[in-house]
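Tertiary structure, described
As a plain string of letters, each chain reads:
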Amino acid sequence: MRTFRLVIACPDRVGIVAKVSNFLASHNGWITEASHHSDNLSGWFFMRHEIRADTLPFGLEAFREAFAPIAEEFSMTWRITDTEQKKRVVLMASRESHCLADLLHRWHSDELDCEIACVISNHDDLRSMVEWHGIPYYHVPVDSQNKEPAFAEVSRLVKQHDANVVVLARYMQILPPELCREYAGQVINIHHSFLPSFVGAKPYHQASLRGVKLIGATCHYVTEELDAGPIIEQDVVRVSHSDSIEDMVRFGRDVEKMVLARGLRYHLEDRVLVHGNKTVVF
């Protein structure tokens, strides 16, 4: 079913839900899903509605024009999207294939409602897998002594493919600050952040030596501060002394795949509202 997704964040006060609901009812809008959250600490209110598109007398532009006075009255930050207009996704990867392969499979199986515009990688290893899916593959090597030309090309490709979201599917390069600012809230990363004590190479090997009992992963938006952006989704898996390093690497890859896929799905479905460095996920 084609729906419009109305997503709102604004200072909390009396009458927000009533005003929005009355607006939709006055135009015969049929709400199929409604989510609300009032944050007592920040004093902000968050809302997400799905409305059957075939019950409204107008499209997105007319909706925006009609709704604008209400948005102004309540000082809303808001957006309205149409499920018929699929978001365009650019995937980025390096040599590890597990996250990229998982997302490609979910897309190929119609589990992710999006268009994968292309894959960008700093290595050529995964080309055959990507091109089997009929998706363009761009090899953009990164010179460790001068990374600027590579990231200029990455930015050009993202613009060329009109991307709505960029997913770092184990892309093992740090994006420059200017790229993070330009695509704020549009770049999603996966990180083994349940291992914060084990920085650098081979975190699962370090975790095994310390005898950890939980390993996990975090899906978050990329910001200028490394691995510190707003968190979208997290999960953990329990491990024990009987698990080998190879077991932990395998468990870690599994949880990374699941968390990244869920985080991307929430983003594609307009379920994530960013406020400061926190998120509300409906």
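Note that this is a predicted model, so its numbers are computed, not measured. (Residues numbered from 1 in each chain as written. Predicted model: local features only at pLDDT ≥ 70, side-chain atom pairs only at ≥ 80, totals over all residues. Heavy atoms only, no water.)

Our focus in this paragraph is the overall build of the chain. Within the chain, the regular secondary structure consists of 8 helices and 13 strands. Its C-alpha atoms give the chain a radius of gyration of 21 Å, near enough to 19 Å, the size a compact globule of 282 residues would have. If you line up the chain on its principal axes, its C-alpha atoms span 60 × 40 × 35 Å. In the chain, which comprises 282 residues, the share counted as buried stands at 47%. Of the contacts made within the chain by residues no fewer than 6 positions apart, 67% connect residues no fewer than 24 positions apart. Only carbon and sulfur atoms are counted for the fraction: they give 50% of the accessible area of the chain, which is about 14,000 Å². For the chain, the distance from the average site of its 30 positive side-chain charges to the average site of its 38 negative ones is 3 Å. (Helix = DSSP H or I, 4+ residues; strand = E, 2+ residues; numbered from the N terminus. Rg over C-alpha atoms; globule rule 2.2 N^0.38 Å. Buried < 20%, exposed > 50% of the residue type's maximum accessible area, 1.4 Å probe, protein only. Contact = heavy atoms within 4.5 Å. Areas by Shrake-Rupley, 256 points an atom, 1.4 Å probe, with all protein chains shown as cover. Lys, Arg positive; Asp, Glu negative; His and termini not counted. Charge placed at Lys NZ, Arg CZ, Asp CG, Glu CD.)

What follows is about the packing of helix 3 (residues 98-108) against helix 8 (residues 245-268). Taken N-terminus to C-terminus, the directions of helix 3 and helix 8 make an angle of 45°; their axes are 9 Å apart at the nearest point. As summarised for this structure, helix 3 and helix 8 are arranged oblique, according to the angle between their axes. Crossing geometry of helix 3 relative to helix 8 is assigned as right-handed. Seen from helix 3, the contacting residues are His-98, Cys-99, Asp-102, Leu-103 and Arg-106; seen from helix 8, they are Arg-253, Glu-256, Lys-257, Met-258, Leu-260, Ala-261 and Leu-264. Residues that form the contact of helix 3 with helix 8 fall into these classes: 6 nonpolar, 1 polar and 5 charged. (Axes fitted to C-alpha atoms, helices over the stretch in contact; angles between N-to-C directions. Parallel < 35°, antiparallel > 145°, perpendicular 65-115°, else oblique. Left-handed = near helix turned anticlockwise from the far one by under 90°. Nonpolar A, V, L, I, M, F, W, Y, C, P; charged D, E, K, R; others polar.)

Our next topic: the UniProt feature "active site" (unreviewed entry) in the chain. The feature "active site" (unreviewed entry), as annotated in UniProt, sits at Asp-227 in this numbering. Structurally, Asp-227 can be placed in the loop between strand 10 (214-221) and strand 11 (231-238). (UniProt positions renumbered as here; feature names shortened; annotations may be inferred.)

Glancing now at the side chain of Glu-50. Take Glu-50: it is sitting in strand 3 (residues 44-52). The exposure class assigned to Glu-50 is buried, which follows from its relative accessible area of 10%. One polar contact links Glu-50 to Arg-48, side chain to side chain, over a distance of 2.6 Å. In this structure Glu-50 touches Thr-3, Phe-4, Arg-5, Trp-30, Ile-31, Thr-32, Glu-33 and Arg-271, once residues within four positions along its chain are discounted. (Polar contact = N/O pair within 3.5 Å; in protein donor to acceptor, adjacent residues only side chain to side chain.)

So, on to the side chain of Asp-82. Checked against the element boundaries, Asp-82 lands in strand 4 (residues 77-82). Polar side-chain contacts of Asp-82 include one of 2.5 Å to the side chain of Arg-2. Among residues more than four places away in sequence, those in contact with Asp-82 are Arg-2, Thr-3, Phe-4 and Leu-60.

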